[in-house]
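Spelled out from the first residue to the last, the chains are:
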Amino acid sequence: MGKIRVNDKFEVDWKPGMTIRDIIKALNFTFPMLVVTVNGKVIPKDEWDTYQVGENDNVRILHMIAGG
Amino acid sequence: MSVIPTEVMKKAHRKLAEYHYELRPVERGYANRTLYINLSDLTIKEKPVTEEMKRTFTGGRGFALWLLWNAVKDDTRWNDPENELIIANGPLCGILSYPGTGKSTVVTISPLTNLVIDSNVGGMVGPYLKGAGFDALEIQGKADRDVIIVIDGDTGTITIEEAPLEEPYSHLMARELTEMYAKNEADMRNVAVVAAGIGAEHSRYGILNFSWYDLRRKEVRYKQAARGGTGTVFRDKRLKGIVVRKSGWSAKSNNAAKPELIRKASQRITREIAELDDKQNQMRRVGTPYLVGIMNDYDLLPVHNYQYGSHPEAHKISKEVWKALFTQGVPDGCHYGCALACSHAVDHFHLRTGPFKGQAVLVDGPEYENAAGLGANLGIFDPIAILELNFYCDTYGVDTISFGVSMAFAMECYQRGILNRERTGGLDLTWGNAEAVLEVLHQLARGEGFGRIVGQGVRWMKQFFAETYAADPQLLNDIGMEVKGLEFSFYVTKESLAQQGGYAIANKGPQHDEAWLIFMDMVNNQIPTFEDKAEALHYFPMWRTWFSLHGLCKLPWNDIEPADNALQPEPHKVPEHVENYCWLYEGMTGIPVTGDDLILQSEKVYNFQRVFNIRRGSGRRANDYPPYRAMGPVTVEEYESRRKRYDKQLKEEIGVDPAGLSTEEKMRILREHRMKRYEQLLDAVYERRGWTKDGIPTLETLKRLGIDYPDVVRVVQQALGEEGKN
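Residues numbered from 1 in each chain as written. Chains lettered and ligands numbered in written order. Predicted model: local features only at pLDDT ≥ 70, side-chain atom pairs only at ≥ 80, totals over all residues.

J.: Account for the overall build of chain B, with residues named and values stated.
T.: Helix and strand content of chain B: 28 helices and 17 strands. For 726 residues, the compact-globule estimate of 2.2 N^0.38 gives 27 Å, and the C-alpha radius of gyration of chain B, at 24 Å, lies within 12% of that figure. Counting only C-alpha atoms and orienting by the principal axes, one finds that chain B spans roughly 80 × 55 × 55 Å. The contacts in chain B between residues at least 6 apart in sequence include a share of 71% that link residues at least 24 apart. (Helix = DSSP H or I, 4+ residues; strand = E, 2+ residues; numbered from the N terminus. Rg over C-alpha atoms; globule rule 2.2 N^0.38 Å. Contact = placed C-beta atoms within 7 Å.)

J.: So, the interface of chain B and chain A: which residues are in play, and what are the values?
T.: Taken together, the contacts link 18 residues of chain B with 16 residues of chain A. Here the residues of the side of chain B that touches chain A sort into 9 nonpolar, 6 polar and 3 charged. (Nonpolar A, V, L, I, M, F, W, Y, C, P; charged D, E, K, R; others polar.)

J.: Give me the sheet that holds strand β7 (residues 136-140) of chain B: which residues, what numbers.
T.: Residues and elements named next belong to chain B. Taking strand neighbours across the sheet as the criterion, the 6 strands line up as β3-β2-β7-β4-β5-β6 in an open arrangement whose pairing is mixed. Looking at strand neighbours, the two that pair on one side only are β3 (43-48) and β6 (116-121), the edges of this open sheet. Mean inter-strand twist for the sheet, computed between neighbouring axes without regard to direction, equals 15°. Relative to β6, strand β5 (residues 104-109) is paired through 6 bridges, and the arrangement is antiparallel. Bridge pairing links V107 to D118 in β6. (Pairing = 2+ DSSP bridges. Axes fitted to C-alpha atoms, helices over the stretch in contact; angles between N-to-C directions.)

J.: Please provide a residue-by-residue account of the environment of B:Y19, values included.
T.: Residue and element names in this part refer to chain B. With respect to the secondary-structure elements, Y19 resides in strand β1 (residues 14-20). Y19 gets classed as partly exposed once you count the C-beta atoms within 10 Å, which come to 17. With near-sequence residues (within four places) excluded, Y19 lies in contact with I44 and I158. (Buried ≥ 20, exposed ≤ 12 C-beta atoms within 10 Å, placed from the backbone.)

J.: An account of helix α26 (residues 663-689) of chain B is needed here, citing residue identities and associated values.
T.: All names here are of chain B. End to end, α26 covers 38 Å across 27 residues, agreeing with the expected 39 Å (1.5 Å per residue, within 8%). Those residues of α26 that fall on the buried side of the exposure criterion are K666, M667, L670, R674, Y678, L681, L682, A684, V685, Y686 and R689. Against the buried residues of α26 lie α18 (497-504), α20 (530-550), α24 (636-641) and α25 (643-654). Positive phi appears at G690, one or two residues downstream of α26, with a value of about 80°. (Expected span 1.5 Å × (residues − 1).)

J.: I'd love a proper account of the packing of α18(B) against α20(B), names of residues and values included.
T.: Residues and elements named next belong to chain B. At a minimum axis separation of 10 Å, α18 and α20 run at an interaxial angle of 35°. Judged by the sense of rotation from one axis to the other, the crossing of α18 with α20 is right-handed. Contacts between α18 and α20 involve L497, A498, G501 and G502 from the former and K533, A536 and L537 from the latter. Of the residues that constitute the contact of α18 with α20, the class distribution is 4 nonpolar, 2 polar and 1 charged. (Left-handed = near helix turned anticlockwise from the far one by under 90°.)

Coordinates in, geometry out; function isn't part of it.
Right, here's the structure in full:
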């Protein structure tokens with residue numbers, strides 16, 4: 001099974017048809033303010049359930065968290 | 001309610017000194033003078049604010065540091081009469097139409113660290129002090145009896161009054177003094193009070209409570225200047241309270257140079273909050289406790305003295321619980337007009353313990369720090385217990401963070417057999433025993449029993465337990481969560497090298513108001529190299545320092561974000577809000593600035609504070625290390641709780657195959673690797689900041705920043721000379 005690397009740090013098992021939502025769930029990224037890019041392109045939130053990620057795609061999921 | 005009527009308390013006041021001064025309007029955010037009071041000889045006088053002070057130190061924390069630098073000797077201790085307690089506002093304080101513009105900064109020599117502490121606080125004291133005519137209040141000396149200071153900005157009168165009968169509990173004293181110095185109910189909003197409490201007399205981490213009058217609730221409420229023992233210094237000077245009154249303070253009172261710019265910024269952010277807060281962090285409904293669940297999900301919530309980062313019961317103290325407990329639908333700003341309004345409260349809370357058992361009170365909070373520190377980190381997941389601890393810490397005048405960490409340290413020592421019931425006076429300090437924690441807090445307030453020991457803080461307890469109970473000093477140093485003597489705030493930093501540096505290098509000690517980089521570093525992986533981390537550890541501490549120069553709260557900067565922020569270059573800086581602050585500054589002073597100019601303002605003060613630390617015998621590389629609990633697993637249980645992660649790191653980062661190695665051996669290798677990386681981080685950060693390898697600002701840096709005053713240069717030259725010998 002292939003792997004997807006997220007933020008150049010986390011690895012998620014990839015399978016065909018995998019969506020952004022699947023990746024977010026696999027990593028347990030529960031923070032509500034996320035920004036997702038795939039190969040440098042921003043993917044709007046309303047597409048996360050349908051946008052399918054390829055095995056070698058460069059995925060970044062940024063948490064716009066303030067904190068502290 | 002007080003047993004003694006307010007009018008009886010007031011009759012018992014005896015005026016010891018009185019001073020009359022000319023009322024003058026604020027000009028472009030500055031009152032242009034500071035107030036000096038000496039409690040030993042009852043001197044009251046005004047000092048001018050010079051253009052040089054504004055150019056170099058800007059205001060707020062900057063002014064306070066400069067005043068303190070000139071007031072003390074190299075070896076002045078926190079409880080010497082010449083130590084000063086300074087309250088400063090800042091040129092943007094009191095704008096009110098922009099959220100988070102009511103802050104003050106309190107500066108003094110800390111009983112915990114023996115260094116300078118700066119502690120920021122909300123409420124209306126800051127704006128009213130400026131309206132009364134002063135950019136800072138400087139208090140030196142010690143009174144020979146309990147006194148209050150009254151600053152009447154309507155009549156131009158300052159008095160020092162003997163105040164024998166006011167109760168040593170902040171929730172009572174703040175109310176008493178507000179009623180006493182207000183003409184009537186409607187006038188209560190024009191009075192703001194600084195109060196400490198009985199716990200500040202018996203611990204090293206006493207706080208100051210700064211009040212404002214909640215118009216809707218008709219209650220006096222307060223926020224805290226909490227870190228570093230400001231309240232302990234206050235009570236050591238035999239100050240009971242400070243009253244500041246000013247009628248008619250409004251958004252126009254600062255007499256801004258270009259008010260239209262301030263309006264522009266205010267309208268933009270107010271609209272943003274109205275449209276987006278509910279979809280983002282819900283600051284107006286929940287406030288900072290929204291973070292509890294998030295920290296737990298990402299393994300960052302301190303549990304059991306920072307041993308772990310999550311707990312299955314964390315949901316019991318998460319966002320939805322607090323939202324349900326907080327009274328909703330009331331404007332909860334800690335200054336009048338704050339649109340972010342995140343200072344929530346629980347009304348009619350019935351206390352189960354302590355001197356006010358059975359009474360219904362208002363509990364201000366909890367903020368995230370209290371939920372984490374009086375809750376998860378102690379193994380307590382009962383919101384009612386957290387509220388009771390929150391209330392009593394506040395009214396006793398005790399820092400919830402330092403108390404929480406000190407308590408967690410004691411509880412882990414109990415877990416590991418260093419303490420037992422005999423040594424705790426019969427208290428069972430098992431994780432989660434809220435009743436025992438409450439009893440320790442009540443003892444601390446009374447200055448009795450084991451509570452008295454916990455009230456000395458982690459650094460003191462480490463030495464005491466090593467000497468008295470022959471505890472292993474190495475273990476105590478590893479698990480005692482303090483740097484420079486100040487206890488950590490509540491984030492697990494084991495997997496974030498940048499945040500370890502953010503905490504340990506901080507001038508005051510490990511308070512996250514200098515930098516909060518955990519997600520950028522650990523989750524987003526946006527600062528992967530040492531140079532990236534060093535750049536972040538330059539920009540963000542400088543940016544966050546800026547708020548304290550001006551009387552601002554940091555929360556409106558990034559606890560709300562524009563809808564398109566993620567698409568901007570450098571979204572973590574929230575560039576549109578940086579622009580807002582540039583507009584505010586130019587709008588107030590008339591001086592156009594860029595974001596880089598604001599950073600330069602901070603660099604001057606930040607480096608000056610670093611030199612102040614050096615002057616006090618700290619402020620060097622040796623003082624910038626966190627305990628290992630903040631860097632990695634101290635115990636086998638900690639390693640095993642994250643074994644998969646750590647074994648992977650051993651393999652991928654260090655090139656060591658964990659198979660066949662004992663946990664202890666793996667821990668040793670990991671520790672060595674992490675310590676080495678931390679040293680590399682320090683090297684990178686110091687270089688970026690213009691410091692030597694020992695963490696001393698170079699003479700070139702002092703000159704570049706315009707802080708090369710003769711006695712500043714003297715301190716640095718001496719330190720550089722010593723560095724050469726090492």
